[in-house]
Amino acid sequence: MSDVILKMLDLHKHFGNHEVLKGIDLNVRRGEVLVIIGPSGSGKSTLLRCLNFLEEYDKGEVLFDGRLVGYRRTKRGKLVKDSARNIAAVRKRMGMVFQSFNLFPHMTVLENVVEGPIVVQRIGRKEAERDAKVLLERVGLGDKIHEYPSKLSGGQQQRAGIARALALRPEVMLFDEPTSALDPELVGEVLEVMKSLAADGMTMIVVTHEMGFARDVADRVMVMDSGLIVEIGPPANIFSNPAQARTAEFLRRVLH
Amino acid sequence: MNYVWDFQIVWEYRQVFVRGAIITAQLTFWATLLGTVLGLVLGLMRRSTNAVLRYPAALYIEAFRATPVLVQLVWIYYSLPILSGLQMGNVASCALGLGLHAAAYIAEIFRAGVNSIDKGQWDASRAIGMRYTQMMRRIILPQAIRRMIPPFINEFATLLKLTTLGSVLAVNELLHEATNLINNTYRPLEIYTAVAVVFAILIYPFIYASQRLEQHWRIRS
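Here the structure is a predicted model, which is why all the values come from computation and not from measurement.

Student: Please set out the overall build of chain B residue by residue, giving values where relevant.
Tutor: Helix and strand content of chain B: nine helices and zero strands. When the elements of chain B are put in sequence order from the N terminus, they spell out α-α-α-α-α-α-α-α-α. By its C-alpha atoms, chain B is 70 × 50 × 30 Å across when sized along the principal axes. Residues classed as buried in chain B amount to 44% of the 221 residues present. Within chain B, residue pairs in contact and separated by at least 24 positions form 73% of the contacts whose partners lie at least 6 positions apart. Counting only carbon and sulfur atoms, one obtains 66% of the accessible surface of chain B, whose full area is about 11900 Å². For chain B, the distance from the average position of its 19 positive side-chain charges to the average position of its 11 negative side-chain charges is 14 Å.

Student: For the packing of aromatic side chains, give the residues involved together with the corresponding values.
Tutor: Within this structure, the stated rule accounts for ten aromatic pairs over all chains. For the pair A:Tyr57 and A:Tyr71, a centre-to-centre distance of 5.0 Å together with 75 degrees between the ring planes defines the contact as edge-to-face. Highlighted residues: A:Tyr57 in the loop between α1 (44-51) and β4 (59-64) and A:Tyr71 in strand β6 (residues 71-73), separated in sequence by 14 residues. Neither residue differs from the other here; A:Tyr57 and A:Tyr71 are each classed as buried. Here B:Tyr204 and B:Tyr208 contribute two aromatic rings whose centre-to-centre distance is 6.3 Å and whose plane-to-plane angle is 35 degrees, an arrangement assigned as tilted. Of the two residues, B:Tyr204 and B:Tyr208 both sit in helix α9 (residues 188-220), four residues apart, roughly one turn of that helix.

Student: Give me the lowdown on a nonpolar patch on the surface, citing residues and values where you can.
Tutor: Residues B:Leu70, B:Val71, B:Val74, B:Trp75, B:Tyr78, B:Ile82, B:Leu83 and B:Val168 make up a contiguous nonpolar surface patch of about 800 Å² in total accessible area. Checked against the element boundaries, B:Leu70 lands in helix α4 (residues 69-84).

Student: Break down the packing of helix α3 (residues 51-66) of chain B against helix α5 (residues 90-115) of chain B for me, citing the residues and quoting the values.
Tutor: How two helices pack is summed up by the angle between their axes together with the distance between the axes. Residues and elements named next belong to chain B. Remark: α3 packs on α5, axes separated minimally by 9 Å, with the N-to-C direction vectors making an angle of 115 degrees. As α3 runs across α5, the sense of the crossing is left-handed. On α5, the residues touching Tyr60, Ile61, Phe64 and Arg65 of α3 are Leu100, His101, Ala103, Ala104, Tyr105, Ala107 and Glu108. Among the residues forming the contact of α3 with α5, the class breakdown is eight nonpolar, one polar and two charged.

Student: Please provide a residue-by-residue account of unusual backbone geometry, values included.
Tutor: As a rule of thumb, non-glycine residues mostly have phi less than zero, and peptide bonds are mostly trans rather than cis. Even without glycine at this site, A:Asp10 takes up a positive phi of about 45 degrees. Within the secondary structure, A:Asp10 sits in strand β1 (residues 4-15). Its identity as a non-glycine residue notwithstanding, B:Ala170 has a phi of 60 degrees, on the positive side. Mapped onto the secondary structure, B:Ala170 falls in the loop between α7 (132-162) and α8 (174-185). The exposure class assigned to B:Ala170 is partly exposed, which follows from its relative accessible area of 44%.

Student: Help me get a handle on the nonpolar core, residues and values and all.
Tutor: A:Leu6, A:Met8, A:Leu11, A:Leu47 and A:Ile205 are the most contacted members of the largest nonpolar core, which totals 55 residues. Among the elements that line this core, the one with the most residues is α7(B), at seven residues. Excluding residues that lie within four positions of it along the chain, A:Met8 makes contacts with A:Ile24, A:Asp25, A:Leu26, A:Val28, A:Leu47, A:Leu51, A:Glu61 and A:Val62. By size, the runner-up hydrophobic cluster in this structure holds 51 residues, among which are A:Val35, A:Leu191, A:Phe250 and A:Leu251.

Student: Please provide a residue-by-residue account of the pairing of strand β2 (residues 18-29) of chain A, values included.
Tutor: Regular strands have side chains that alternate between both faces of the sheet. Residues and elements named next belong to chain A. In this structure, β1 lies alongside β2, joined through nine bridges in antiparallel fashion. Each bridged residue has a counterpart across the sheet, and for Val4 the counterpart in β2 is Arg29. Hairpin connection of β1 to β2: two residues between the antiparallel strands, including Gly16 at a positive phi of 60 degrees.

Student: Which residues make up the sheet that holds strand β8 (residues 94-97) of chain A, and what are the values?
Tutor: Residue and element names in this part refer to chain A. Spatially, six strands are ordered β8-β9-β10-β3-β11-β12 in an open sheet, and the strand pairing comes out mixed. Lying at the two open borders of the sheet, with one neighbouring strand each, are β8 and β12 (228-233). For this sheet, the mean angle separating the axes of adjacent strands, direction not counted, is 15 degrees. Looking at chain direction, strand β3 (residues 33-37) and strand β11 (residues 220-225) are connected through four bridges and run parallel. What sits directly across from Val35, in β11, is Val221. Sheet strands touched by helix α9 (residues 245-254): β3, β11 and β12. Its angle to β12, the strand with the most contacts, is close to 85 degrees.

Student: Report on the sheet that holds β2(A), specifying residues and quantitative values.
Tutor: Residue and element names in this part refer to chain A. In space, the four strands of this open sheet follow the order β2-β1-β4-β5, with antiparallel pairing throughout. Either end of the sheet is taken by a strand with one partner, and the two such strands are β2 and β5 (67-68). Pairing analysis gives two bridges linking β4 to β5, with the strands arranged antiparallel. Across the sheet, the residue bridging to Leu63 is Leu68, located in β5.

Student: Kindly report on the interface of chain A and chain B, identifying the contributing residues and their values.
Tutor: Chain A puts 27 residues into the contact, and the matching count from chain B is 22 residues. Overall, the association of chain A and chain B removes approximately 2000 Å² of surface from exposure, summing both partners, and the carbon and sulfur fraction of that is 57%. Contact with chain B buries surface across chain A, with A:Phe104, A:His106 and A:Tyr148 losing the most and accounting together for 25% of the total. At the surface where chain A touches chain B, the tally comes to two salt bridges. The partner of A:Glu115 in a salt bridge is B:Arg138, with the nearest N and O atoms 2.6 Å apart. The tally of links between chain A and chain B comes to six residue pairs in polar contact (both at pLDDT 80 or more). At the level of secondary structure, the elements contributing two or more residues to the side of chain A that touches chain B comprise α2 (84-91), β8 and α3 (109-120) of chain A.

Rules and cut-offs
- Residues numbered from 1 in each chain as written.
- Chains lettered and ligands numbered in written order.
- Predicted model: local features only at pLDDT ≥ 70, side-chain atom pairs only at ≥ 80, totals over all residues.
- Heavy atoms only, no water.
- Helix = DSSP H or I, 4+ residues; strand = E, 2+ residues; numbered from the N terminus.
- Buried < 20%, exposed > 50% of the residue type's maximum accessible area, 1.4 Å probe, protein only.
- Contact = heavy atoms within 4.5 Å.
- Areas by Shrake-Rupley, 256 points an atom, 1.4 Å probe, with all protein chains shown as cover.
- Lys, Arg positive; Asp, Glu negative; His and termini not counted.
- Charge placed at Lys NZ, Arg CZ, Asp CG, Glu CD.
- Phe/Tyr/Trp six-rings, centres within 6.5 Å; stacked < 30°, edge-to-face > 60°.
- Patch = residues over 30% accessible without salt bridge, like charges linked within 9 Å, V, L, I, M, F, W, Y side chains within 5 Å.
- Salt bridge = Lys/Arg side-chain N within 4 Å of Asp/Glu carboxyl O.
- Axes fitted to C-alpha atoms, helices over the stretch in contact; angles between N-to-C directions.
- Left-handed = near helix turned anticlockwise from the far one by under 90°.
- Nonpolar A, V, L, I, M, F, W, Y, C, P; charged D, E, K, R; others polar.
- Core = buried A, V, L, I, M, F, W, Y, C linked by side-chain atoms within 4.5 Å.
- Pairing = 2+ DSSP bridges.
- Buried area = accessible area lost by both parts, 1.4 Å probe.
- Polar contact = N/O pair within 3.5 Å; in protein donor to acceptor, adjacent residues only side chain to side chain.

So, in structure tokens, the structure goes:
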């Protein structure tokens, strides 16, 4: 078993004429917390969405646990889109948390969390509900399991979103600006849950504007700008001693 | 004006209205069933990324929406047997024609309903590893159907009233029966009024049920 769980090789993505990712090379190790920062429009979210193939990349490779994500190689070495079955199979090994929560509004919190295990993993309802209750207890929603999402605060919804992603026992968690849609006073409760996940050794890739979280929790911080990696390293280096002028400039703006 | 209303005549010939209403209800039932099933398939086809599915569906939908129902009915009754050798009775032809017509509109209702679902719902269901059919069945359609109910009931009410076009194929639906009755009794005002009342009685329960359903869903989520 390799130490590297996610690998990106010369990853490119464009929307129309606009090239959003211009060649990303990156390894993510098991148990690592990687925080991605950078100005808006720098390609952070697109990069994250390429990892579980919500976004189809145009060139390069994403390897999850040594296997190509989203494409397969024909006998002649050409890359073609992989089968829906294989794409779905790799996606359920990664959990994803969204900026706008994206809970299923026609289901209660508990139903949201058991949906993946029951429908996708075909686990029995009893077992799935027992596991879901443990998870919901852990994210502090033990008393909200029968509520519909619309009855919850943003912070509660996002914690339910984290529980839903964890219910599939993913090997990696992808966070796409998980606190950006929250009122300031609700950001802390979500970050606390994320910190406890990191402390448990979960592999996490987090796109965020929360510099405090990056500094305190990240093993490595990656700075992106205009579709490229500006620099990557331990938070102490990035925040106190950035090697690149663009990093210093970005940090000066966000830390005012 | 000293017109003397005589609704007694309606009661006397009540059997005629019952008979017509039954045919009208049957036509509506079969047309709705066909229209819904075919409309769902067409709606899905039209959303497909595969051009071989998408273009025929689009052509079908636009052709039926752009031409008069009356012509469609006449065409199916008279031309289809010539082209296909398939001989159908006038009631079956009428139900088929109305069903094919309704399918085009129901496909559009379906498409609009599915398109109205937030992109994040698709992302979230894909991210937990759902396949297309699981995502449609569990996440997208349950939400889309709630939004499709009001326009669907609209279409149903329209369809019920369109059955009156069956008279051109000599189908003995409600209006056709009523017209015959008028020719015998010379009481058009009373009889047309009664026809309107019967249609309202047929349609209203569905409108009421749809309103209750919407209310129920509003409270729940």
